[in-house]
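# An overview of the molecular structure
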Amino acid sequence: MTRRILIVDDHAGFRRSASRSLAAAGWDVVGEAGDGAAALEAAERIEPDVVLLDVGLPGVSGIEVARELNERLPDVAVVMISTQDPGDYGELALASGARGFLSKLDLSSQALEALVES
Amino acid sequence: MAVRIEQTVARAVSSATDVGDAYTRALEAIGTDLEWNLAAAWEPNADGETLGCASLWSRDDDADEFAAVTRTTTFAPGEGLPGAVWESDQAVWVADAATDPRLPRQEAARAAGLHSAVGFPVRSERGVVGVIEGFADRKLEPDQELLNTLEVVGAQLGQLIERRRAEETGVAVERRHRATLEAAIDCVITMDHNGDVLEFNPAAETTFGYTSEEAVGREMATLIVPEELRDRHRRGLRRYLDNDEPVLLDRRIEIEAVRRDGSRFPVELTITRIDVPGAAVFTGHLRDITDRLEAERELRESRTRLVEAADEARRRIERDLHDGAQQQLISVAMTLEAASRQIEESPSEARALLDEAAAELRQATVELRELARGIHPAVLTEGGLDPALRGLASRSKVATTIAAVPERRFPMPVEAAAYFVVAEGLTNVARHADGASSAEVEVAEADGSLVVEVSDDGTGGATLDGSGLRGLSDRVAALGGELEVTSPAGGGTRLRAVIPCGS
């Protein structure tokens, strides 16, 4: 089944390559957002299956966005990402209502699939 | 009659113990002499706008009710008998107090059987300072001679009372002055125009090592001024007395002073001339500022170390970026260029080069991540101490447990200091603590401070000397906190920081 995914990161370069590689692996990339407010707006409008959410967003932090999404759209699977390793953010991501955390270095279609399925 | 009453009043006042007693004795003397039934003295209340009863005498208890009313009544200028005297500054005669509608105490007077009344001012150089009134149970004809006599008695009584009051005030002032000197934290030394000590308070005794008995009468310069400064001190005093030239007066200066044992120490000194008639008297307030100067020096050094540490950190980051990520990125660029050249001729070779470039980039990313975390951990900003410390524990080379961390957020500098205490502590456990198999981190809030502890089960013997801990100690001290290391030989090491939370 093709999953609809929203990619949230303040680096356009990362959004571009993540979008390209996930689309190549069969994901339906339905939107991109560069900050927390735009992410919340896009998620409510698009209602994707998955939100790939960077922790370190300018303004409203990724942690806050995850909490908001969990409250407003509990069916959306949020996966948090960062250049940092899971030791720093793993528990914090779960506590914020996300399905899990991935280091950007470990980001792949399979790893994402595994977290969404969990 | 006038002379007799004046003498009686003078005797009465001179045997009094205080001003209140002087009034009572004067009232009794006058009342007895003139065969009054009751007499009262009035003085201005603290507001200065009304008179209150300062003292009351009565011959017997027939007029108890009237006495009670008198004690609790106040009079404005012009009001009642006391107010009329106060306003007019003259003796006043009332033919019958029981029927005179001007008197607010008319009814009470009637009930007590009081009739004729007289009031006269108590005068001093300051003007009317009080009023005396007397009541008799008879109706008497106005007696101008008696009124004249009473005005003279009032003037005499006023002087006597003012003198007693001045004496009492003088004694009280002297007592207050003495108590202030005794309790002063500063050394207070009073000196006459010759430069000889007049007073030497307990703080001065403790500070300089002389008793007051030893110091008083000796030249202040030889007691406490360093030898090479004595002549200047004497010349300055002479110059001031001869020409009124204010040398050091009323300024706060820092100089050296000498103790009895010859040791020197820095003091802050203010000299003031005391405003007394006659020869000049000076008072000097001295404070030992050894501790303050020492604290200032320590603060300066600590600031310098913080600045140096920040500079050193920047140099290290530059080196790490230059030697690490930058070199790796150049290498990646070259690998990609090689791949590009091979792509037509040998696609499999190109693919191998691309894989190599991707691997190199990943390695560069990991190194950048570590570098960024060392500057300031993003997780601390995003999530606070709890996730940040758990991250540190998970990466520690020694098994580390987090015993407790408060969930709430603290000001950023406090969180950062606590984080780096734990980071440095765990680094040291891994690097130095021989035989340490585990470490424990505990952070708790107590008495407005964050208490951070990192302990291990190694062999101990660590000190605060390492430059890492020195810098950490400065960072904690900059927030008003303290860092200590407890490390008995064979007993493990405990690094403990107490950091005021500021909220």
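Everything below is about the structure shown above.
Now for a look at the structure at hand. From a predicted model like this one, the values you see are computed outputs, not experimental measurements. (Residues numbered from 1 in each chain as written. Chains lettered and ligands numbered in written order. Predicted model: local features only at pLDDT ≥ 70, side-chain atom pairs only at ≥ 80, totals over all residues.)

Moving on: the overall build of chain B. The helix and strand tally for chain B stands at 16 helices and 15 strands. In chain B, buried positions account for 32% of the 503 residues. The long-range fraction of contacts in chain B, counting pairs at least 24 apart against all pairs at least 6 apart in sequence, stands at 56%. (Helix = DSSP H or I, 4+ residues; strand = E, 2+ residues; numbered from the N terminus. Buried ≥ 20, exposed ≤ 12 C-beta atoms within 10 Å, placed from the backbone. Contact = placed C-beta atoms within 7 Å.)

What follows deals with the environment of Ala439 of chain B. Locating Ala439 of chain B in the fold gives a position in strand β12 (residues 438-446). If we ignore the near neighbours within four places in the chain, the residues touching Ala439 of chain B are Ser396, Val398, Thr400, Leu426, Val429, Val454, Ser455 and Asp456 of chain B.

A few words now on the environment of Leu40 of chain A. All names here are of chain A. For Leu40, the location among the structural elements is in helix α2 (residues 36-46). Remark: the alpha-carbon pair of Leu40 and Arg72, spanning 32 residues in sequence, is separated by 9.2 Å. With sequence-adjacent residues up to four places away left out, Leu40 is seen in contact with Val65 and Glu68.

What follows covers the interface of chain B and chain A. The interface of chain B with chain A comprises twelve residues on the first partner and twelve residues on the second. The set of elements that each furnish at least two residues to the side of chain B that touches chain A consists of α12 (347-375), α13 (378-383) and α14 (385-395) of chain B.

Residues and elements named next belong to chain B. In spatial order, the strands read β2-β1-β5-β4-β3; together these five strands make up an open sheet with antiparallel pairing. Edge positions in the sheet fall to β2 (51-58) and β3 (92-94), since each of these pairs with one other strand and no more. For this sheet the average axis-to-axis angle between neighbouring strands, irrespective of direction, equals 20 degrees. Pairing of strand β4 (residues 117-124) with strand β5 (residues 127-135), which is carried by eight bridges, proceeds in the antiparallel orientation. Pairing of Arg123 across the sheet is with Val128, part of β5. Against the sheet, helix α3 (residues 64-72) touches β1 (38-44) and β2, its axis set at about 155 degrees to β2. Across the sheet, helix α4 (residues 80-88) touches β1, β2, β3, β4 and β5, and the angle it forms with β4 is around 40 degrees. (Pairing = 2+ DSSP bridges. Axes fitted to C-alpha atoms, helices over the stretch in contact; angles between N-to-C directions.)

Geometric descriptors of this kind do not, in isolation, establish any biological role.
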